[in-house]
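# Structural features, examined
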Amino acid sequence: MRAYEEVMVSFSENRTAALLMIGSMAAFTVNDTIIKSLSDDVPLFQAIFLRGVLASILLFGLCAVLKSFQKGIARRDWAAVSWRTLSEAGAAYFFISALYNMPLANATAILQALPLTVTLAGALFLGETVGWRRMTAILIGFVGVLLIVRPGMAGFNIYSLYCLAAVACVTARDIATRKLTKDTDSMVVTLVSSINVTLFAGLMSLGETWGAITPEVALTLLATAVSILFAYLFSVMVMRVGDISFVAPFRYTALLFAIVLGYFAFGDWPDNLTLLGSAILVATGLFSYMRERKLALQRSA
């Protein structure tokens, strides 16, 4: 009976964590959709700066509520936090630039390469073991990326390369995050990154002609800040509930949200090659997750 109760508790926690992951992906995609809708009214760095100001204020309040400042950032982790912040700034610039200039679903589809690039980077820079099966999945996944980007072919968009640059930046950010010790609070790290990205965007925005902040634009910016706050909150809650190896594949719901929102908000629908490349990325990513989970179970046994 006790074993049965433990299984049911585990199932309940995993179900909750899966819902939180789906909520996080929905919030991130809603944020991307709203940001993209501002492209005709607000220049790039102005949008990043104003969203960052609002998001940083909300994150500060969340850190206070969660008592994250009591833990703060360990002194030995500041180098990793600095590297993470630089990577976050690069990711924000490249990805939002791409969002301003290409369909939402295409940009989101390219981001689905992240599980594969993080696995590869872990092998290259952290000495993590990656067997031939996962390495094959990574190579096949990159074929999926090529089908989406299609360099040199008709319909190629230079901003697809911006998405790839964003993938590289997020990969670097995640590798830096892995180097953080347990003495550092993840929400405080998020706040520090948000503040520094906001300052960077503010300086860069001085070279732009700012767009008028109408009441509609102000409400839209507030909506981006609220959505990104929930995205961060749900992503942190996921780490505290359930089995991460079970929950991780639900990250791919972001692609479904992007396809639906991109269609209804902007009238965009991915072409067949983009859908095929996306399917390859999701399949290889899921295989990599399942393989990693199997190896982890074998090691624990």
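As shown above, the structure is provided for reference.
What comes next is a walk through the structure. Note that the coordinates shown come from a computational prediction; the quantities given were computed from them, not determined experimentally.

Further remarks concern the overall build of the chain. The helix and strand inventory of the chain stands at twelve helices and zero strands. Going from N to C terminus, the chain has its helices and strands arranged as α-α-α-α-α-α-α-α-α-α-α-α. Since a compact globule built from 301 residues should have a radius of gyration of about 19 Å, the 20 Å found for the chain is in line with a globular shape. Principal axes of the C-alpha set define a box for the chain whose edges measure 65 × 50 × 35 Å. Across the 301 residues in the chain, those meeting the buried criterion constitute 47%. In the chain, the proportion of contacts linking residues at least 24 apart, taken out of those at least 6 apart, comes to 90%. Of the roughly 15,400 Å² of accessible surface on the chain, a fraction of 67% belongs to carbon and sulfur atoms. Of note, the chain has its 22 positive side-chain charges centred 10 Å away from the centre of its 18 negative side-chain charges.

If you look at the biggest cluster of nonpolar residues, it comprises 47 residues, and the most contacted ones within it are Leu38, Phe95, Tyr100, Ile110 and Cys163. Among the elements that make up this core, the one with the highest residue count is helix α3 (residues 78-101) (eight residues). Leaving out residues up to four positions away in the same chain, Tyr100 has contacts with Ile35, Lys36, Leu38, Ser39, Val42, Pro43, Leu44 and Ala47. Core analysis: the second largest hydrophobic core is formed by eight residues, Leu59, Cys63, Met187 and Leu191 among them.

Compared with the 28 Å implied by 1.5 Å per residue over 20 residues, the 28 Å span of helix α8 (residues 186-205) between its first and last C-alpha is a close match. Measuring from the side-chain oxygen of the N-cap residue of α8 to the backbone nitrogen of Met187 gives 2.9 Å; that N-cap residue is Asp185.

Direction vectors running N to C along helix α2 (residues 44-66) and α8 enclose 155 degrees, while the axes themselves pass 8 Å from each other. By the angle class used here, α2 and α8 are roughly antiparallel. As α2 packs across α8, the resulting crossing turns out to be left-handed. Residues belonging to the contact of α2 with α8 are distributed by class as follows: 18 nonpolar, eight polar and no charged.

Below, the discussion takes up helix α5 (residues 114-125). Compared with the 16 Å implied by 1.5 Å per residue over twelve residues, the 16 Å span of α5 between its first and last C-alpha is a close match. Just downstream of α5 lies Gly127, where phi reads positive at about 70 degrees.

Under the defined criterion, the tally for this structure stands at five salt bridges. Between Glu88 and Arg84 there is a salt bridge; the shortest N-O distance is 3.5 Å. Of the two residues, Glu88 and Arg84 both sit in helix α3, four residues apart, roughly one turn of that helix. What makes Glu88 buried here is its relative accessible area of 15%. Between Arg173 and Asp174 there is a salt bridge, with the nearest N and O atoms lying 3.2 Å from each other. Because the salt bridges share partners, they merge into one network encompassing Arg84, Glu88, Arg173 and Asp174.

Moving on, we come to the packing of aromatic side chains. A full pass over the atoms with the stated rule returns twelve aromatic pairs. With a centroid separation of 5.1 Å and an interplanar angle of 45 degrees, the aromatic rings of Phe60 and Phe69 are classed as tilted. In this structure Phe60 comes out as partly exposed when scored by relative accessible area, which is 49%. Since its relative accessible area comes to 41%, Phe69 is described here as partly exposed. Grouped by ring-pair contacts, the aromatic residues Phe45, Tyr93, Phe94, Tyr159, Tyr162 and Phe200 constitute a single cluster. Here the guanidinium or amino end of Lys36 rests over the ring plane of Phe266, the centre of that ring lying 5.4 Å away.

How each quantity is defined
Residues numbered from 1 in each chain as written. Predicted model: local features only at pLDDT ≥ 70, side-chain atom pairs only at ≥ 80, totals over all residues. Heavy atoms only, no water. Helix = DSSP H or I, 4+ residues; strand = E, 2+ residues; numbered from the N terminus. Rg over C-alpha atoms; globule rule 2.2 N^0.38 Å. Buried < 20%, exposed > 50% of the residue type's maximum accessible area, 1.4 Å probe, protein only. Contact = heavy atoms within 4.5 Å. Areas by Shrake-Rupley, 256 points an atom, 1.4 Å probe, with all protein chains shown as cover. Lys, Arg positive; Asp, Glu negative; His and termini not counted. Charge placed at Lys NZ, Arg CZ, Asp CG, Glu CD. Core = buried A, V, L, I, M, F, W, Y, C linked by side-chain atoms within 4.5 Å. Expected span 1.5 Å × (residues − 1). Polar contact = N/O pair within 3.5 Å; in protein donor to acceptor, adjacent residues only side chain to side chain. Axes fitted to C-alpha atoms, helices over the stretch in contact; angles between N-to-C directions. Parallel < 35°, antiparallel > 145°, perpendicular 65-115°, else oblique. Left-handed = near helix turned anticlockwise from the far one by under 90°. Nonpolar A, V, L, I, M, F, W, Y, C, P; charged D, E, K, R; others polar. Salt bridge = Lys/Arg side-chain N within 4 Å of Asp/Glu carboxyl O. Phe/Tyr/Trp six-rings, centres within 6.5 Å; stacked < 30°, edge-to-face > 60°. Lys NZ or Arg CZ within 6 Å of the ring centre and 35° of its normal.

That's the geometry; what it means functionally is another story.
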